[in-house]
Amino acid sequence: EGAVLGNLFFEPSTRTRVSFGAAFCRLGGAVCDTTGFTFSSMAKGESIADTSRVVSGYVDAIVVRHPDQGSVAEFARHTHLPVINGGDGTGEHPTQALLDLYTIRREFARLGKGVDGARVAMVGDLRHGRTVHSLIRLLSLYKGMRFQLVAPRSLEMPPALVEAALAAGHEVEQVTSLADSLRGADVLYATRIQKERMSGESMEAYPADFRIDRRALAALCRPDTVVMHPLPRDGTPGANDLSTDLDGDPRLAIFRQTDNGIPVRMAVFPVLLGVDHLVGRDLRDAPWIAPGRLGPGDAPFHRID
Ligand code: NCD
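Residues numbered from 1 in each chain as written. Predicted model: local features only at pLDDT ≥ 70, side-chain atom pairs only at ≥ 80, totals over all residues. Heavy atoms only, no water.

**Remarks on the site of the ligand**
Arg-15, Thr-16, Arg-65, His-93, Gln-96, Arg-130, Thr-131, Arg-192, Gln-194, Pro-230, Leu-231 and Pro-232 make up every residue found near the ligand. Measuring from an oxygen atom of the ligand, one finds a side-chain N or O atom of Arg-65 at 3.0 Å. Separating a nitrogen atom of the ligand from a backbone N or O atom of Pro-230 is a distance of 3.0 Å. The fraction of the free accessible surface of the ligand (320 Å²) that becomes covered by protein chains is 94%. Counting only elements with at least two residues in the shell around the ligand, the list comes to α1 (15–26) and α5 (130–139). (Near = heavy atom within 4 Å. Polar contact = N/O pair within 3.5 Å; in protein donor to acceptor, adjacent residues only side chain to side chain. Areas by Shrake-Rupley, 256 points an atom, 1.4 Å probe, with all protein chains shown as cover. Helix = DSSP H or I, 4+ residues; strand = E, 2+ residues; numbered from the N terminus.)

Structural data, given as C-alpha cells:
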C-alpha cells in the first residue's frame, strides 16, 4: 500500500508492461510509466546510469525493458532499489520464464504429471527470443529434462545455453525441421520470429513448414501436449507463427499463460521488497523499508532528515 512502481519500457510491449502495472496496482501500489525512447530523456542523450539514479528518487521498485542485452543489469548497478528485467534485447526475460513455469506446473497438475523428466520442445527463433533463453535456464533447475530445440540453422539457441543445459545433465536434441521433432512432447513452446532484431538475409532462412496449426498439431503432438507461446503471435501474412485455427483447442494454453502473469508478478514484488512474509500471512498493509542511499554514488549526507 502506498508504494510506487516505475515501469520503464524502451521497447514495444503490451502484456509485460500492462501486467506488471496491473499486478502492482492489485497489491495496493501505484504505477508511473514511460514508454519508448522518444518520450524519455534518453532521447536527449541521458545515460542509463543517470536515468536509473533519478528514477530511484521517485519510486520504490523498477521494471525495465530495453533493446540492448545487459542494459537492465547496467540499470540495476546504479540503484539500490529492486530492478526487474522486463526483457533486455536478445538477452533474458526472467519473469516470463517464471510465469511459463507456473503455467507448465498448473497444466501438468491437471494432467497428473510433474516437471522432472518432461519433454519440452522449443520452436522458432531460439537465437533472438529471450523468453526461451530464460526458460531453458529455469527448467534446467529440474531433473532429467529432455529439451527438443527446433529452429532453422541461423536461428538456433545460443551454444552457451545449450552447453549449460547439457552440463546440468539434461538431454538436448537440436533439429532444423518441425516434422521429425515434436512427437512425444509434453510441452510445445512456440516463439515469434524476432524480425526487429535481424537483417533481411536471416529472415529468408525461416521456412513455411515451421507453421504450427491444427494440421501440424494433429500430425506431431499428443492429445495432452500443452501448447504455449509467450505472445504476441505474428498474424501478418507469411509469418508462419502459431495459427489462430488452434483457438478453442483445449491444449492451447496461451491465454491461461498470459493470465498467469498477474499472480506471478504479484508474487515477485513482495519478495523483492522484502515483505513477502507479511503479504502471505494477512491482508494488512505491508510497510517496506526503502534503502538509505538510493544510488551507489550517493554521498552519505545526501538526505536531509
Ligand atoms: C516476448 C518478448 O517481448 O520477449 N513477449 C512477451 O514479453 N510476452 C516475446 C516476443 O516479443 O516475441
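**A look at the nonpolar core**
Ranked by size, the top nonpolar core spans 27 residues in total, and within it Met-122, Leu-139, Phe-147 and Met-157 carry the most contacts. For this core, the secondary-structure elements that each account for two or more residues are α4 (94–111), β5 (119–123), α5, β6 (146–150), α6 (159–167), β8 (187–190) and β9 (226–228). Tallying contributions element by element places α5 first for this core, with 5 residues. Excluding its chain neighbours within four sequence positions, the residues that come into contact with Met-157 are Met-122, Leu-126, Arg-127, Val-132, His-133, Ile-136, Leu-149, Val-162 and Gln-174. Val-175, Ala-185, Leu-188 and Phe-210 belong to the second-largest nonpolar core, a separate cluster that totals 21 residues. (Core = buried A, V, L, I, M, F, W, Y, C linked by side-chain atoms within 4.5 Å. Buried < 20%, exposed > 50% of the residue type's maximum accessible area, 1.4 Å probe, protein only. Contact = heavy atoms within 4.5 Å.)

**Digging into the sheet that holds β6**
Sheet architecture is open: 5 strands sit in the order β7-β6-β5-β8-β9, paired in parallel fashion. Two strands bound the open sheet, and with one partner strand each, they are β7 (171–175) and β9. Neighbour-to-neighbour, the strand axes of the sheet open up by a mean angle of 15 degrees, direction not taken into account. Inspection of the sheet shows β5 paired to β6 by 5 bridges, in the parallel sense. By the bridge assignment for β6, Ala-121 is matched with Gln-148. Strands β8 and β9 of the sheet are contacted by α4, whose axis makes an angle of about 160 degrees with β9. Across the sheet, α5 is in contact with β5, β6 and β8; its angle to β5 comes to roughly 165 degrees. (Pairing = 2+ DSSP bridges. Axes fitted to C-alpha atoms, helices over the stretch in contact; angles between N-to-C directions.)

**A short note on the side chain of Gln-148**
Relative to the helices and strands, Gln-148 resides in strand β6. Contacts of Gln-148, omitting those with residues within four sequence positions, involve Arg-119, Val-120, Ala-121, Met-122, Glu-173, Ser-181, Leu-182, Arg-183 and Ala-185.

Nothing here speaks to function; it is all geometry.
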